[in-house]
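Structural characterization, general
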Amino acid sequence: MSPVLTQVSNSLRDLFEDARRVAVLTGAGISAESGVPTFRVGGGSEIWMWRGRPVTELSSRELLATDPKLVWEWFDHRRSMLAEIRPNSGHLMLAEWERRFEEFTLITQNIDDLHQAAGSLRVLELHGNIWRARCRRCGSTFEVRESPIQEVPQCLACGGPSRPDVVLFGELLPEGVFERAEKAVQNCDLFFVVGTSAVVYPAASLPIAAKQARARVIEVNPELTDISVFADFTLLGNAGQILPQFTQGRFEGNSCDSQRIN
Ligand code: BJW
Ligand code: ZN
């Protein structure tokens, strides 16, 4: 049973102000208001398609093994789109929260670099970064900002072919990053889950771990998800509108703006 609110109540603001150790997990939804498409809509019933293929196939280990050029084209398409895009008020708020709290950990599944563009200094990128490439021969990583790319970028260290430095389906997360995220989640007293459908693992296990570690879990999403049933609060709305409310002036009498779900 999780209370569903449509705006931040005074008691939630109290919880926020009293928190010392805060962790936040973000997903594609936080970038939606900047114009970045999400992967899934309608609770996962509709999935992002490009050239007739679903993202689960395009961003997969199998496609990289069989058609690495197509994988580069898919990411180059997204890089060109992202080159025009700026962070929104949701990203900016989280950058401010990093400065506000004694301990603050921002964990993102996004590869779009928009948290960094908004000023967040420490970001745990679970799924990599679209502006980096990784050598398929020696494994070294390097920045590739050019967009669109003319040809597959070559490794600066050994001249080998590269791939986008992102985590595709069926691949392991970068060494140590998930472990650092887990540690922050174990230690936080307030955990935010913002703009994720929470269907992709192991990221989706973090809200559950937070709950098990007795943190208060606050979800921010315009749709209900699997998290909503165990979150302490679900804030039903867009991240760019909801997150700034935690530090805005108190509203009068908004506590009645809630309902209960099963
Ligand atoms: C708003 C909003 C607004 C809209 N404001 N909100 C355990 C169980 C079952 C399966 C597995 C498991 N462990 C591993 C697996 C396999 C697989 C997996 O999880 N599959 C599931 C689909 C079932 N996981 C993996 O393969 C991972 N690797 C791994 O575990 O290695 C070990 C292993 C290997 C082999 C076998 C088994 C284990 C790697 C996962 C990597 C995922 N990578 C991608 C692509 C990255 C590159 C790219 O960008 O193309 O990452 S998939 C894609 O989904 C992307 C995202 O980061 C990720 C999560 O999506 P996200 O962020 O939640 O986005 P959406 O679109 O789903 O949701 C958006 C939400 O925003 C919605 O809820 C909206 O309502 C909301 N929203 N506007 C706030 N304004
Ligand atoms: Zn190399």
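For the structure itself, consult the block above.
Residues numbered from 1 in each chain as written. Chains lettered and ligands numbered in written order. Predicted model: local features only at pLDDT ≥ 70, side-chain atom pairs only at ≥ 80, totals over all residues. Heavy atoms only, no water.

Re the overall build of the chain
The number of helices and strands found in the chain is 10 helices and 15 strands. Computed over the C-alpha atoms, the radius of gyration of the chain is 19 Å, within 12% of the 18 Å expected from 2.2 N^0.38 for a compact globule of 262 residues. Taken along the three principal axes of its C-alpha coordinates, the chain extends 60 × 40 × 35 Å. Residues classed as buried in the chain amount to 51% of the 262 residues present. For the chain, long-range pairs separated by at least 24 residues make up 67% of all intrachain contacts whose partners lie at least 6 apart in sequence. When the accessible area of the chain is evaluated, it comes to approximately 12400 Å², of which 49% is carbon and sulfur surface. The average position of the 27 basic charges and that of the 33 acidic charges among the side chains of the chain differ by 3 Å. (Helix = DSSP H or I, 4+ residues; strand = E, 2+ residues; numbered from the N terminus. Rg over C-alpha atoms; globule rule 2.2 N^0.38 Å. Buried < 20%, exposed > 50% of the residue type's maximum accessible area, 1.4 Å probe, protein only. Contact = heavy atoms within 4.5 Å. Areas by Shrake-Rupley, 256 points an atom, 1.4 Å probe, with all protein chains shown as cover. Lys, Arg positive; Asp, Glu negative; His and termini not counted. Charge placed at Lys NZ, Arg CZ, Asp CG, Glu CD.)

Side note on the packing of aromatic side chains
For the structure on display, the rule yields 12 aromatic pairs. With a centroid separation of 6.4 Å and an interplanar angle of 80 degrees, the aromatic rings of Phe16 and Phe192 are classed as edge-to-face. Pair noted here: Phe16 is in helix 1 (residues 10–18) and Phe192 is in strand 12 (residues 190–194), with a separation of 176 residues, a long-range link. Neither residue differs from the other here; Phe16 and Phe192 are each classed as buried. (Phe/Tyr/Trp six-rings, centres within 6.5 Å; stacked < 30°, edge-to-face > 60°.)

Let's talk about the environment of Arg21
Within the element layout of this structure, Arg21 appears in strand 2 (residues 21–26). Residue Arg21 is classed as partly exposed on the basis of its relative accessible area, which comes to 26%. Note: C-alpha distance between Arg21 and Thr105 (84 residues apart in sequence) is 8.3 Å. Excluding its chain neighbours within four sequence positions, the residues that come into contact with Arg21 are Glu103, Asn187, Cys188, Asp189 and Leu190. Polar side-chain contacts of Arg21 include one of 2.6 Å to the backbone oxygen of Asn187. (Polar contact = N/O pair within 3.5 Å; in protein donor to acceptor, adjacent residues only side chain to side chain.)

A word on the coordination of the zinc ion (ligand 2)
Tetrahedral metal sites with four donors have an ideal angle of 109.5 degrees; octahedral sites with six donors have ideal angles of 90 or 180 degrees. Note on the zinc ion (ligand 2): its protein donors are Cys135 (SG), Cys138 (SG), Cys155 (SG) and Cys158 (SG). The metal-donor distances range over 2.3 to 2.4 Å. One way to put it: the 4 donor atoms around the zinc ion (ligand 2) meet at angles of 101 to 119 degrees, and that makes the site tetrahedral. Between consecutive donor residues of the zinc ion (ligand 2), the sequence gaps follow C-x2-C-x16-C-x2-C. You can see Cys138 sitting in the loop between strand 9 (128–135) and strand 10 (141–143) and its partner Cys158 sitting in the loop between strand 10 and strand 11 (162–166), a full 20 residues away along the chain. What makes Cys138 partly exposed here is its relative accessible area of 43%. Its relative accessible area of 31% is what places Cys158 among the partly exposed residues. (Donors = N, O, S within 2.8 Å, 3.2 Å for Na, K, Ca; no water. Tetrahedral: all angles 85-135°; square planar, octahedral: opposite > 155°, others 65-115°.)

Observations regarding the pairing of strand 7 (residues 103–108)
Pairing between strand 2 and strand 7: 6 bridges, direction parallel. Looking at the pairing, Val24 lines up with Leu106 of strand 7. The pairing of strand 7 with strand 8 (residues 123–125) spans 3 bridges and is parallel. Note on strand 8: the bridge partner recorded for Leu106 is Val123. (Pairing = 2+ DSSP bridges.)

Some remarks on the pattern of salt bridges
According to the stated counting rule, one finds 15 salt bridges in the structure shown. Between Glu171 and Arg163 there is a salt bridge, with the nearest N and O atoms lying 2.7 Å from each other. Exposure remark for Arg163: the relative accessible area of 6% places this residue in the buried category. Salt-bridge contacts for Arg216 lead to Asp232; the nearest nitrogen and oxygen are separated by 4.0 Å. Note that Arg216 is positioned in strand 13 (residues 216–221) and Asp232 in the loop between strand 13 and strand 14 (233–236), a separation of 16 residues in sequence. Judged by relative accessible area, which is 36%, Arg216 ranks as partly exposed. It is possible to trace a salt-bridge network through shared partners that takes in Glu125, Arg132, Arg134 and Asp165. (Salt bridge = Lys/Arg side-chain N within 4 Å of Asp/Glu carboxyl O.)

Here's the deal with the packing of helix 8 (residues 177–187) against helix 9 (residues 205–212)
One way to put it is that helix 8 packs onto helix 9 with a least axis distance of 8 Å and a crossing angle of 30 degrees. Taken as axis vectors, helix 8 and helix 9 run roughly parallel relative to one another. Note that helix 8 runs across helix 9; the crossing there is right-handed. Of the residues in helix 9, those touching helix 8 at Phe178, Ala181, Glu182, Val185 and Gln186 are Ser205, Leu206, Ala209 and Ala210. Classifying every residue of the contact of helix 8 with helix 9 gives 6 nonpolar, 2 polar and 1 charged. (Axes fitted to C-alpha atoms, helices over the stretch in contact; angles between N-to-C directions. Parallel < 35°, antiparallel > 145°, perpendicular 65-115°, else oblique. Left-handed = near helix turned anticlockwise from the far one by under 90°. Nonpolar A, V, L, I, M, F, W, Y, C, P; charged D, E, K, R; others polar.)

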